[in-house]
Amino acid sequence: MPYGRQHITESDIEAVIAVLKSDYITQGPKVPEFESALCAYTGANYGVATNSATSSLHLACLALGVGPGDTVWTSAITFVASANCAEYCGAEVNFVDVEPETFNMDIVDLEKRLVRAEAEGRLPKIVIPVHMAGQPCDMLEISRLAKKYGFRIIEDASHAVGAEYLDSKIGSCKYSDITVFSFHPVKIITTGEGGVALTNDLNIAKRMARLRSHGVTRDQSEMSSLPHGAWYYEQSDLGFNYRMTEMQAALGISQLARVNEYVAKRNTISDQYRNLLKAEYIDKPIVKPNRKSSFHLYIIRINASSPKMRNEIFEKLRADGIQVNLHYLPVYRHPYYQNKYGYNPVDFPNAEKYYCQAISIPMFPSLEKGDLAKVARSLLAPIGHQTIF
Ligand SMILES: *Cc1c(COP(=O)(O)O)cnc(C)c1O
């Protein structure tokens, strides 16, 4: 039993086959159709689909002008891509500690670091909050601080397709400049590999679209000279090939039609786990008011009252055939970041504690009641608890 997996239907397969039999397998009508569908779903004005969320995060940083001499902050607990995107641009990366209960960027710590950075004259250009496990961050507070300290916001919403904050869907960009989704197979919906950057700013969208495809433009208004003929295009910036294929977009369109169903099922599984895992030594995830989690991950914490260490419990689950995982090693602990910046773990006490306690247990829509019972049995039994399964 893996911790996450894709759900592919016959209609998904038919949608991909139809593209393979059509005239375009790349740069055809499906990518713009997928982008429009994502905008309709989230309420964002523009979407630029790419071959991964990592590429989308890179384009997002470039479109906001990140370069050498700039600083970008992200959450201490996230996948490395949330930080690497700034490294690709030659910027410096730093981290903000997480809240103990949600593992999202901690607003109190963020503000403390901003006050210090302002005094030292090295405020971040961009802050990248991560909606950890699918629970939206405190975006009102982060956008209030963005106005006060003059930084821009990229939401890494790789976990949060279908999540909601106050009265809007994550992806609406109501409280940010750009929001990025991932369509990797373990995420909420999939295109195999893929990502999108959503924004309400036309110029940002145009810049990302150009950089996605070699920095090349065919739009005369963006050219430095008159076209020499109908074949003419110009490269204005150094871009990349970060394009999504038509097969991927067709799969994405088909999957997006079921996103609400998937998020509802994940929330049901969360409720079922909550009932099954009634043990004092297991802290279950909480969802803060005014938001809906997409429950990309179900992260429990083995707290100090446990008679067994987290690692023992983790290994027992694995030995029982349950592919639990740990999301994530705090980014500042990776050798690349240690060697380059040498950040001190004591500056991130909540991330450190989280890292000692967390386990991601299986969470995906096709999990059955029997699977959940098996996970619960494995989690509760080795500790001598009576189980009733
Ligand atoms: C999965 C993930 C990414 C990267 O997504 P890809 O589509 O695999 O590039 C970035 N950030 C977070 C938080 C993720 O979970």
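Quantities reported herein were computed from a predicted structural model and do not represent experimental measurements.

> I would appreciate a short explanation of the packing of aromatic side chains in the present structure.
Given two aromatic rings, their pairing is described by the distance between the two centres and the angle made by the two planes. Inspection of every chain in the model, using the stated rule, returns 14 aromatic pairs. Note on tyrosine 341 and tyrosine 343: the rings are 5.2 Å apart at their centroids and 15 degrees apart in plane angle, and the pair reads as stacked.

> Is there a simple way to think about the site of the ligand in this case?
Close to the ligand lie 15 residues; Thr54, Asp156, His159, Ser182 and Lys187 are nearest. Alanine 53 places a polar main-chain atom, nitrogen or oxygen, 2.9 Å from an oxygen atom of the ligand. In the environment of the ligand, a nitrogen atom lies 3.3 Å from a nitrogen or oxygen atom belonging to the side chain of serine 158. Protein chains bury 93% of the 380 Å² of accessible surface belonging to the ligand in isolation. At the level of elements, α3 (53–63) and α4 (81–88) are the ones that each hand at least two residues to the shell around the ligand. Of the residues belonging to the shell around the ligand, the class tally is five nonpolar, eight polar and two charged.

> Please clarify how the pattern of salt bridges should be interpreted in this entry.
Where charged atoms from two side chains of opposite charge approach closely, those side chains can pair. Summed over all chains, the structure comprises 20 salt bridges. Residues arginine 212 and glutamate 35 are paired through a salt bridge, measuring 2.8 Å at the closest nitrogen-oxygen approach. Separated by 177 residues along the polypeptide, arginine 212 in helix α7 (residues 202–212) and glutamate 35 in helix α2 (residues 30–42) bring together distant segments of the chain. For the pair arginine 212 and glutamate 35, a shared accessibility class is recorded, and that class is buried. Here lysine 340 ties to glutamate 87 by a salt bridge, and the two come within 2.7 Å at their closest N and O atoms. With lysine 340 in helix α11 (residues 335–341) and glutamate 87 in helix α4, this pair connects stretches of sequence that are 253 residues apart. Taken together, the shared-partner salt bridges connect Glu111, Glu141, Arg144 and Lys148 into one network.

> Even after reading the chapter, I still don't get unusual backbone geometry, so can you show me in this structure?
Outside of glycine, negative phi angles account for most residues, and trans bonds account for most peptide bonds. Note that the residue after histidine 327, namely tyrosine 328, is joined by a cis bond; omega there is 15 degrees. Although it is not a glycine, leucine 166 sits at a positive phi angle of roughly 50 degrees. By secondary structure assignment, the location of leucine 166 is in the loop between β6 (164–165) and β7 (168–169). Of note in this structure, asparagine 290 is not a glycine but carries a positive phi near 65 degrees.

> Got a minute to help me understand the packing of α3 against α4 in this structure?
When two helices pack together, their arrangement is given by the angle between the helix axes and by the axis-to-axis distance. One can describe the packing of α3 onto α4 by two numbers: an axis separation of 8 Å at closest approach and a directional angle of 45 degrees. Considering the angle they form, α3 stands oblique to α4. Handedness of the crossing formed by α3 with α4: right-handed. Facing Thr54, Leu57, His58 and Cys61 of α3, the residues of α4 in contact are Ala81, Ser82, Cys85, Ala86 and Tyr88. Residues that form the contact of α3 with α4 fall into these classes: six nonpolar, three polar and no charged.

> Help me understand the pairing of strand β8 (residues 178–182) in this model?
For a regular strand, the rule is simple: side chains alternate between the two faces of the sheet. Counting buried residues along β8, five of its five residues qualify, which places the element largely inside the surrounding structure. Alternating residues of β8 divide into Ile178, Val180 and Ser182 and Thr179 and Phe181, and every residue in both groups is buried. Summarising the sheet, strand β5 (residues 152–156) and β8 pair through three bridges and their orientation is parallel. Within the sheet, the bridge partner assigned to isoleucine 154 lies in β8 and is isoleucine 178.

Scoring rules and cut-offs
- Residues numbered from 1 in each chain as written.
- Predicted model: local features only at pLDDT ≥ 70, side-chain atom pairs only at ≥ 80, totals over all residues.
- Heavy atoms only, no water.
- Phe/Tyr/Trp six-rings, centres within 6.5 Å; stacked < 30°, edge-to-face > 60°.
- Near = heavy atom within 4 Å.
- Polar contact = N/O pair within 3.5 Å; in protein donor to acceptor, adjacent residues only side chain to side chain.
- Areas by Shrake-Rupley, 256 points an atom, 1.4 Å probe, with all protein chains shown as cover.
- Helix = DSSP H or I, 4+ residues; strand = E, 2+ residues; numbered from the N terminus.
- Nonpolar A, V, L, I, M, F, W, Y, C, P; charged D, E, K, R; others polar.
- Salt bridge = Lys/Arg side-chain N within 4 Å of Asp/Glu carboxyl O.
- Buried < 20%, exposed > 50% of the residue type's maximum accessible area, 1.4 Å probe, protein only.
- Axes fitted to C-alpha atoms, helices over the stretch in contact; angles between N-to-C directions.
- Parallel < 35°, antiparallel > 145°, perpendicular 65-115°, else oblique.
- Left-handed = near helix turned anticlockwise from the far one by under 90°.
- Contact = heavy atoms within 4.5 Å.
- Pairing = 2+ DSSP bridges.

Coordinates in, geometry out; function isn't part of it.
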